[in-house]
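# Observations on chain architecture
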Amino acid sequence: MLKNKTVVVGVCGGIAAYKTCDLVSRLKKSGADVHVIMTNNATQFVAPLTFETLSANRVSVDTFSPKKEWEVAHVALAKRADLFVIAPATANFIGKYANGIADDMLTTTVMATHAPVLIAPAMNTGMLESDSCQSNLKILRDRGVITIDGDSGRLACGDVGKGRMAEPAAIFEEVKNILLPAHDLIGKKIVVTAGATIEKLDPARFITNFSSGKMGCEIAKNARDRGAEVVLILGRHTALVPDGVNTVTVETTAQMFDAVMKELPTAFAVVKAGAPCDYAPECFSETKLKTDSLTIKFKKNPDIAAEVGKRKGDTVLVAFSAETNDLVKHATEKMLAKNADFIVANDVTKEGAGFNVDTNIVTIIDRNSVTEYPKQTKAQVARLIVDKILSLRPNQ
């Protein structure tokens, strides 16, 4: 399965290191060439000999240990790796990696690689939820590092809560998803809207919303990786825009509407992850408004999703619904009103599910089912959405 793939597994000093033995075994049995790097603290929990036996490769611990090979070890592994997996990833490692500190074999190697990096955090709940750790995780996610979280439960310290490392089976599945992306969208066009539109009041002011564009950009990236021709219709955003997609930049809802309608006739799917303003000012002031009291009249903007629903034919329409209460009821009503094939709903009042965050907690609703998902990265949610699109049109 993973033959000809090189996976470097970094093991940090935490009790969850024993679980990593199972992960290394799974990777090796799948055909991967597995190399393990341990921190000195990790060797207090699991002996290097255990990982050498499971991986059939020498374990690296000390950057300056004598070697017979000519290659500089950390550079050689960094170049050979198809993927780095850090499990468990401690708060100490996360902090050093986020801030460019390379003071041992693991940090120097992972910092030198251009391969994808997957980290599985594991630590005390208080440490994980601390401002410093969350800030460091955000830095890494913004750089494209993939994180996989475990379930809440009883920790080794006796606390109950977040902080457990993801199970080896879940990490292994994520490794497969990264290294063996499906190419099931070749020949298909996916149109994705992302980000917020703006509506100008005067040359200095406009109205908009909090959308960062992260969810839409992750969907575009997933569809691109699976072979699709991707058209990303992008409004105001802070997200990193994926390479290799046709990006159409828009400002207003009317511009986003026109761009979507232009692509609709040849689209396999339209994913309305963008957040267009529902209303626009009736009048635009050519000069900056200066008044002690301001009243603005608004007009209704075109409903992009509803219009796609009317014209779509066999095209799959995916709508989004950000709610604050009665999530399933309101999202279902919206799905039916827009004639969407399914809708991705989230409660934006929940921690980790709102705007400008790297995670989401979604419920996917179609005509026959309601499926709730735990908190995941937006990259993971993107894969769920694209998988769902294909399940609706498997032979189209």
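To start, this report covers the structure provided alongside it.

## Focus: the overall build of the protein chain
- When helices and strands are counted, the protein chain shows 13 helices and 21 strands.
- Since a compact globule built from 396 residues should have a radius of gyration of about 21 Å, the 24 Å found for the protein chain is in line with a globular shape.
- The dimensions of the protein chain, computed from C-alpha atoms along their principal axes, are 75 × 55 × 40 Å.
- The contacts in the protein chain between residues at least 6 apart in sequence include a share of 67% that link residues at least 24 apart.
- By element, 51% of the accessible surface of the protein chain is carried by carbon and sulfur atoms, the whole surface being about 19000 Å².
- Side-chain charges in the protein chain split into 48 positive and 45 negative, and the spacing between the mean points of these groups amounts to 2 Å.

## A few points about the environment of I364
- Position of I364 among the secondary structure elements: in strand β19 (residues 362-366).
- Its relative accessible area of 4% is what places I364 among the buried residues.
- Sequence-wise, I364 and P281 are 83 residues apart; in three dimensions their C-alpha atoms are separated by 33 Å.
- The residues contacting I364, other than those within four sequence positions of it, are F342, I343, V344, S369, V370, T371, Y373, L384 and K388.

## Brief notes about a nonpolar patch on the surface
- Side chains of I15, Y18 and F45 sit close together on the surface and give an oily, nonpolar patch of about 330 Å² of accessible area.
- Looking at where F45 falls in the secondary structure, it is placed in the loop between β2 (33-38) and α2 (48-55).
- Here F45 falls in the partly exposed class, since its relative accessible area comes to 42%.

## Describing the environment of P242
- Assignment of secondary structure puts P242 in the loop between β11 (229-234) and β12 (246-249).
- Judged by relative accessible area, P242 falls into the buried class, the value being 11%.
- Sequence spacing of P242 and T109 is 133 residues, and the spatial spacing of their C-alpha atoms is 25 Å.
- Once you skip the residues sitting within four places of it in the chain, P242 turns out to touch C217, A220, K221, R224 and L232.

## Regarding the sheet that holds β12
- Read across the open sheet, the eight strands follow the order β12-β11-β8-β13-β16-β17-β19-β20; overall the sheet is mixed. In the strand order of this sheet, the two ends are held by β12 and β20 (370-372), each with one partner. Neighbour to neighbour, the strand axes of the sheet diverge by 15° on average, direction disregarded.
- For β19 and β20, the ladder comprises three bridges, and the chain directions are antiparallel. The residue of β20 that forms the bridge with T363 is E372.
- Helix α12 (residues 327-338) rests against β16 (316-323), β17 (342-347), β19 and β20 of the sheet, and its axis sits at about 150° to β17.

## Focus: the sheet that holds strand β5 (residues 146-147)
- Read across the open sheet, the five strands follow the order β2-β1-β3-β4-β5; overall the sheet is parallel. The sheet terminates laterally at β2 and β5, the two strands that pair on one side only.

Cut-off values and rules
- Residues numbered from 1 in each chain as written.
- Predicted model: local features only at pLDDT ≥ 70, side-chain atom pairs only at ≥ 80, totals over all residues.
- Heavy atoms only, no water.
- Helix = DSSP H or I, 4+ residues; strand = E, 2+ residues; numbered from the N terminus.
- Rg over C-alpha atoms; globule rule 2.2 N^0.38 Å.
- Contact = heavy atoms within 4.5 Å.
- Areas by Shrake-Rupley, 256 points an atom, 1.4 Å probe, with all protein chains shown as cover.
- Lys, Arg positive; Asp, Glu negative; His and termini not counted.
- Charge placed at Lys NZ, Arg CZ, Asp CG, Glu CD.
- Buried < 20%, exposed > 50% of the residue type's maximum accessible area, 1.4 Å probe, protein only.
- Patch = residues over 30% accessible without salt bridge, like charges linked within 9 Å, V, L, I, M, F, W, Y side chains within 5 Å.
- Salt bridge = Lys/Arg side-chain N within 4 Å of Asp/Glu carboxyl O.
- Pairing = 2+ DSSP bridges.
- Axes fitted to C-alpha atoms, helices over the stretch in contact; angles between N-to-C directions.

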